[in-house]
Amino acid sequence: MPTLAEHLNSQNVPDRLSALLGDITDCCQDIAALLRHGPMNDILGLAGAENVQGEDQKKLDVISNDMLKDALAKSGLVKGIASEEEEHCVGSSKDGDFLVLFDPLDGSSNIDINSLVGTIFSVYAAPDKDNIADADFLRPGHEQVAAGYVLYGPSVMLTLTTGQGTQMYMLEQSRGEFLLFDDKVQIPVDTKEFAINASNQRHWAAPMQTYIADLLKGETGPREKNFNMRWVAAMVGDVHRVLSRGGIFTYPWDKKNPNKAGKLRLMYEANPMGFLVEQAGGKAFTDTIRILDVAPDNIHQRVPVILGSAHEVDICVAYHKT
Ligand code: AFP
């Protein structure tokens, strides 16, 4: 089982990108260690502040954000970063090659119940300029040069793409190395499993209400098959299941917050996950267009998300076009 660095080398990934991915994942190993001992270190619970999203920050949101900022600054490879936990981008090494966006701890509402959380990251080539601004990060997802997440679960797993398919690695803790265990993740094109926060059902737009209602009718309904439902409440956990065995994951627009396009953030959740899913043969749409084609207008922009098994995404999107 090759290490991350060995496999990236075998894929002819440029050395500086490979080094950056090594720095990011090394930092994630440190975050994993913190999570393993969270209750013993008094680092669970609220940090006592809100982030730019107006969400209560957990202590580990802030700690993991600072760890990643420090690691990326030390790498010397990063011209700037943008984070869910930072209102604006943060300049780093002026001759860095890359821009990195991340959600340092996705699913943080799961931390205090010892459930799945993860770190999501997205990498672009840096523009040839000195002072980085938010506008420099507003690039469509199809321009990403790499994307991935580290899932802090029973195993610590890295899922990564550099545009040559999607790979999965497992952390071998004793060696401190991520070892390749799937070099070509393939999402089944059909599925019987969907993921949605069903408590919002009354707030969804009609097309999503009709789509989900038809799934729930099972084999006697228009889909003529029975479906199962899962909801991890952490995108990294739901997407990992979709990549591992198929499925459709959606967080649609709802009228609870009509001025928000959705709950999930484009630049550091939907885009990296969309890249991973497409590279594994799946699809990722808002409700009408390919996520990777969305022209961003804000680094914290939200979008509705429908992603997973290609045929099922096509069916769900078709409900939104009628
Ligand atoms: P937190 O990081 O605040 O827990 O939010 C996680 C998330 O952004 C995404 O990872 C989940 O899919 C989604 O929110 C869960 O939303 P609900 O809490 O409404 O189910």
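Since the model is a prediction, treat every value here as computed from it, not as a measurement. (Residues numbered from 1 in each chain as written. Predicted model: local features only at pLDDT ≥ 70, side-chain atom pairs only at ≥ 80, totals over all residues. Heavy atoms only, no water.)

Mind showing me how you'd approach the confidence of the model for the chain here?
As a general rule, the predicted coordinates of low-pLDDT regions are not to be interpreted in detail. Summary statistics for the chain give a mean pLDDT of 96 and a share of 100% for residues scoring 70 or more. Within the chain, the element-level pLDDT minimum falls on strand E2 (residues 56-58), averaging 77, and the maximum on helix H6 (residues 266-279), averaging 99. (pLDDT = per-residue confidence, 0-100. Helix = DSSP H or I, 4+ residues; strand = E, 2+ residues; numbered from the N terminus.)

Just to check I follow, could you spell out the pairing of strand E6 (residues 117-125) for this structure?
For a regular strand, side-chain orientation follows a simple rule: the groups alternate between the two sheet faces. Counting buried positions along E6 gives eight out of nine residues, so the element sits mostly inside the fold. Judged from the seven bridges that link them, strand E5 (residues 98-106) and E6 form a sheet pairing that is antiparallel. Paired with Leu-101 across the two strands is Ser-122, which belongs to E6. With seven bridges joining them, E6 and strand E7 (residues 146-152) adopt antiparallel strand pairing. Across the sheet, residue Gly-118 finds its bridge partner in E7, namely Leu-151. (Buried < 20%, exposed > 50% of the residue type's maximum accessible area, 1.4 Å probe, protein only. Pairing = 2+ DSSP bridges.)

I tried to follow the side chain of Asp-61 on my own but got confused; where do I start?
Position of Asp-61 among the secondary structure elements: in helix H3 (residues 59-75). With relative accessibility at 3%, the residue Asp-61 sits in the buried group. Among the polar contacts listed, one links the side chain of Asp-61 to the side chain of Ser-108, at a separation of 3.3 Å. Here Asp-61 is in contact with Asp-56, Glu-85, Pro-104, Leu-105 and Ser-108, once residues within four sequence places are set aside. (Polar contact = N/O pair within 3.5 Å; in protein donor to acceptor, adjacent residues only side chain to side chain. Contact = heavy atoms within 4.5 Å.)

Looking at this structure, how should I read the domain arrangement of the chain?
You'll often see interface size given as the accessible area lost when the parts meet. Each domain of the chain was delimited in the assignment, giving domain 1 (4-182) and domain 2 (193-319). The centre of domain 1, based on its C-alpha atoms, is set 23 Å off from the matching centre of domain 2. Buried area between domain 1 and domain 2, summed over both chains or domains, comes out near 2900 Å², and the portion from carbon and sulfur atoms is 65%. Applying the counting criterion to the domain 1 and domain 2 interface returns one salt bridge. Across the salt bridge formed by Arg-265 and Glu-84, the nearest N and O atoms sit 2.5 Å from each other. Seen at the junction of domain 1 and domain 2, the total is 12 residue pairs in polar contact (both at pLDDT 80 or more). When residues of the side of domain 1 that touches domain 2 are traced back to their parent elements, those giving at least two are strand E3 (78-83), E5, E6, E7, strand E8 (156-161) and strand E9 (166-172). Examining the composition of the side of domain 1 that touches domain 2, we find that six residues originate from one element, E6, more than from any other. (Domains from an automatic or database assignment. Buried area = accessible area lost by both parts, 1.4 Å probe. Salt bridge = Lys/Arg side-chain N within 4 Å of Asp/Glu carboxyl O.)

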